[in-house]
Amino acid sequence: PSANMPGMRGTSTRVVTIGGWVYIASGLLGFLQFPKFHATGEQIVAVAGLVMCLAVGVGLLMRRNWARWVTLGMSLLTWTLGSLALIWAIVTLLQSLARARGMSFPLLAIWLFVYAIVAIFIWLNFRLFERLNSEAGRDEFNTPETESLAAAKSTAACIAWCAACWIVVQSGGSGAERDRR
């Protein structure tokens, strides 16, 4: 399939579609952890994040520029910080293996499987960022010519969102939650 043929998407746009579905799946799977909603600070922040994942996923599938903008920051932070965290986790696992003089094979296999999934997720976010920040990606999302520094602005907005969420969680959540304590 060629990106130039009407109705056909090239390989480079598949990463956007896959990324959209990953955001949707993340949002839906996240909601499975809420059998009861108590409106605690942590749950409010989590639900807001899950709704944002769902919205961004749908926006990517519909090729909405606002979803592209939001995803730029999230994908940049995911592949840069995620790569560093994965390297640290692998080094820590190797140090544990050296100290313990081995680990049971099933446990090692589980850890390696988890690390492989994380590595795939990091790679997907790298490719997603690369596509969305390219000229072809901007064309795909009908990005205005006047847009400038979108990746930097989106990353700053993502960091601000994370900081706001952290403050809400650290403050003890809603007033009702504090009253129960």
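Parameters and conventions
- Residues numbered from 1 in each chain as written.
- Predicted model: local features only at pLDDT ≥ 70, side-chain atom pairs only at ≥ 80, totals over all residues.
- Heavy atoms only, no water.
- Axes fitted to C-alpha atoms, helices over the stretch in contact; angles between N-to-C directions.
- Helix = DSSP H or I, 4+ residues; strand = E, 2+ residues; numbered from the N terminus.
- Parallel < 35°, antiparallel > 145°, perpendicular 65-115°, else oblique.
- Left-handed = near helix turned anticlockwise from the far one by under 90°.
- Contact = heavy atoms within 4.5 Å.
- Buried < 20%, exposed > 50% of the residue type's maximum accessible area, 1.4 Å probe, protein only.
- Salt bridge = Lys/Arg side-chain N within 4 Å of Asp/Glu carboxyl O.
- pLDDT = per-residue confidence, 0-100.
- Phe/Tyr/Trp six-rings, centres within 6.5 Å; stacked < 30°, edge-to-face > 60°.
- Expected span 1.5 Å × (residues − 1).
- Arc of directions from axis to C-beta.

A. Region of interest: the packing of helix α2 (residues 41-61) against helix α3 (residues 65-100). Following both chains from N to C, one finds α2 and α3 inclined at 120°, their axes separated by 8 Å at the closest point. When the axis of α2 is compared with that of α3, the two are oblique. Crossing of α2 over α3 shows left-handed handedness. Where α2 abuts α3, its residues Met52, Ala55, Val56, Gly59 and Leu60 lie against Trp66, Ala67, Arg68, Val70, Thr71 and Met74.

B. The environment of Leu76, seen in detail. When you line up the elements, Leu76 lands in helix α3. The exposure class assigned to Leu76 is partly exposed, which follows from its relative accessible area of 21%. Each C-alpha atom, one on Leu76 and one on Ala152, is 9.5 Å from the other, the two residues being 76 residues apart in sequence. Beyond its immediate stretch of four places on either side in the chain, Leu76 contacts Thr71, Phe129 and Thr155.

C. The pattern of salt bridges, seen in detail. A full pass over the atoms with the stated rule returns three salt bridges. A salt bridge links Arg131 to Glu140; the shortest N-O distance between them is 2.7 Å. By relative accessible area, which is 11% here, Arg131 ends up buried. Judged by its relative accessible area of 17%, Glu140 is buried. Among the charged side chains, a salt-bridge network with shared partners connects Arg63, Arg131 and Glu140.

D. Representation of the confidence of the model for the protein in the model. When the pLDDT values of the protein are averaged, the result is 80; 85% of them are 70 or greater. Per-residue pLDDT stays below 50 along residues 1-8; that stretch engages in ten contacts with residues further than four places along the chain or on separate chains.

E. Up close: the packing of aromatic side chains. Scanning all chains against the criterion turns up three aromatic pairs. Seen from their ring centres, Trp79 and Phe126 are 4.9 Å apart, and the 85° between their planes marks the pair as edge-to-face. One end of the pair, Trp79, is in helix α3; the other, Phe126, is in helix α4 (residues 105-132), with 47 residues separating them in the sequence. With a relative accessible area of 22%, Trp79 lands in the partly exposed category. Given the relative accessible area of 33%, Phe126 is considered partly exposed.

F. Here's a closer look at helix α6 (residues 150-170). Over its 21 residues, α6 runs 30 Å from end to end, which matches the ideal 30 Å to within 8%, given 1.5 Å per residue. Within the span of α6, buried status applies to Ala150, Ala151, Ser154, Thr155, Cys158 and Cys165. Projected down its long axis, α6 shows its buried positions confined to an angular sector of 125°, all on one face. Facing away from the buried surface of α6 by more than 90 degrees, the exposed residues are Ile167 and Gln170. Among the structural elements, α2, α3 and α4 are those in contact with the buried residues of α6.

G. Molecular detail of unusual backbone geometry. Residues other than glycine seldom take positive phi values, yet Arg63 does so here, at roughly 60°. Along the chain, Arg63 turns up in the loop between α2 and α3. For Arg63, a relative accessible area of 11% translates into the label buried. The phi dihedral of Asn142 is positive, around 50°, even though this residue is not glycine. Positionally, Asn142 belongs in the loop between α5 (135-140) and α6. Under the relative-accessibility criterion, Asn142 is labelled exposed at 67%.

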